Amino acid sequence: MGSLTSIYISCIAFILVCTAGAENLFSAKSGPVRQRHLSYSIFQDLARLQLDRHDYAAAVYFAQRAVSLNQKDLASTILLVRAYLEQKAYLKIFENVERWRMHDPANPEVREVYIRALAGFGENALAIEEMRALLENYPTVSEYQLLFAQILQEVGMFSAAEGHLRMVLQTQIKNKVAIIELAGVLGKQGKYNEARDWLYQAGLQDPTDVAPLFHLGKLYVEAGHAKAALLQFEQVLKKNPLYPGAHYYTAKAFFATGDSDRALAELQMELNVNPNHADSYVLAGDIQFSRKDYHSCISSYQKGIAVRESSADLYAKQARCFRLLGEFDSALALLRTADRNEPNYPMVWKEMGALCEMKQNFACAIEAYRHYLNLSPNAPDQSIIEERVLALLDL
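Remember, it's a predicted structure, so these values are computed and weren't measured experimentally.

Chemist: Describe the state of the cysteines, with residues and values.
Modeler: Overall, the coordinates contain two disulfides when judged by the stated rule. For Cys297, the disulfide goes to Cys321, at an S-S distance of 2.3 Å. Here Cys321 lies in helix α18 (residues 312–324) and Cys297 lies in helix α17 (residues 294–307), a separation of 24 residues in the sequence. The burial state of Cys297 is the same as that of Cys321; both residues are buried. Each disulfide pairs two cysteine sulfurs, and for Cys356 the partner residue is Cys364, the sulfurs being separated by 2.0 Å. The exposure class assigned to Cys356 is buried, which follows from its relative accessible area of 7%. Along the protein, the cysteines engaged in disulfide bonds are linked according to the scheme 1-2, 3-4 when indexed in sequence order.

Encoded structure:
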């Protein structure tokens, strides 16, 4: 594993050295236009490579370099906003896409990333409206049919997404991406057996492709069958030790079995391959929190924040660790930052309630808990929070 990672890093370094050398060469022989073209196209390729590796921070860096060298090239901006999508940096997406929406409002790629950002930002009705308009213009493009299903999932309309994917598969029965998407939707609805059968079918199409095995492992994790999931991830890693996310989900499975040491070891292996994998830092923090190792979980969440700086969830989780260490001022500052990043994010207000309660500011706690319940009316801990509010009212 370490040697493969070293080879990969060496290749990246070699490309960058070649980029610098090529820039000097062409600046001397062909002028600044050729130099700029060579530079931005290479940075585009590097951004694509990092997106494929799920290293979104690096993808942002290289895409920004490409954009700075050629602001008239849409492809660089699309790469940048795709990386921002993975980081959930929706405001940055809107900033970068707006100019292109004004310049070329009919461009399907611009419309696609804009729709994804709307859904991620919680503008569900507008996202679906824009998606339907895109499909009216491009009714036969299978990628947009799949995008519609993904948007429906994003906004929690799983039954509608399932129906749409079944419609796609009626005419494209061997569309592996659609099959995997359908399996995911079925899993979210608890239809695990049917989801498994679809993934088996996808796997039969190409036994060398580990994607169906990987998604089957994810399905088993969601279904609570961690040991079965581990068997799938073991096969994935045997065939492709660098498969993005495989060590991360192996860690989730180990954590579900109660083996937090193995889980943390798997996360470290994921981070060896992809040091900017924010979800690995989040899961590490969650595991350390479960072990009441609050100093370590603060460190892990901070590393996640460095990669996903606009995440309200990470700030709220870090605030929780500071609260339990008795560092209330630090916790409050983090919650305020989280609220600025993502106003009305439910977990921020739940944690604000817990912080106020520990500080014995019961009126503040009641208000924060109630706001949490208003923002998340179907919260799984609704009855617990309601009991806390009633108890505080009696004080």
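Chemist: Before we move on, could you go through helix α12 (residues 211–223) and cite the residues and values that matter?
Modeler: Between its first and last C-alpha, α12 extends 18 Å over 13 residues, near the 18 Å set by a 1.5 Å rise per residue. Of all the positions in α12, only Ala211, Pro212, Leu213, Phe214, Leu216, Gly217, Leu219 and Tyr220 are classed as buried. Elements that come into contact with the buried residues of α12 comprise α10 (176–188), α11 (192–205), α13 (226–239) and α14 (246–257). One or two positions beyond α12, positive phi appears at Gly224, with a value near 85 degrees.

Conventions and cut-offs
Residues numbered from 1 in each chain as written. Predicted model: local features only at pLDDT ≥ 70, side-chain atom pairs only at ≥ 80, totals over all residues. Heavy atoms only, no water. Disulfide = S-S within 2.5 Å. Helix = DSSP H or I, 4+ residues; strand = E, 2+ residues; numbered from the N terminus. Buried < 20%, exposed > 50% of the residue type's maximum accessible area, 1.4 Å probe, protein only. Expected span 1.5 Å × (residues − 1). Contact = heavy atoms within 4.5 Å.

Structural measurements only, silent on function.
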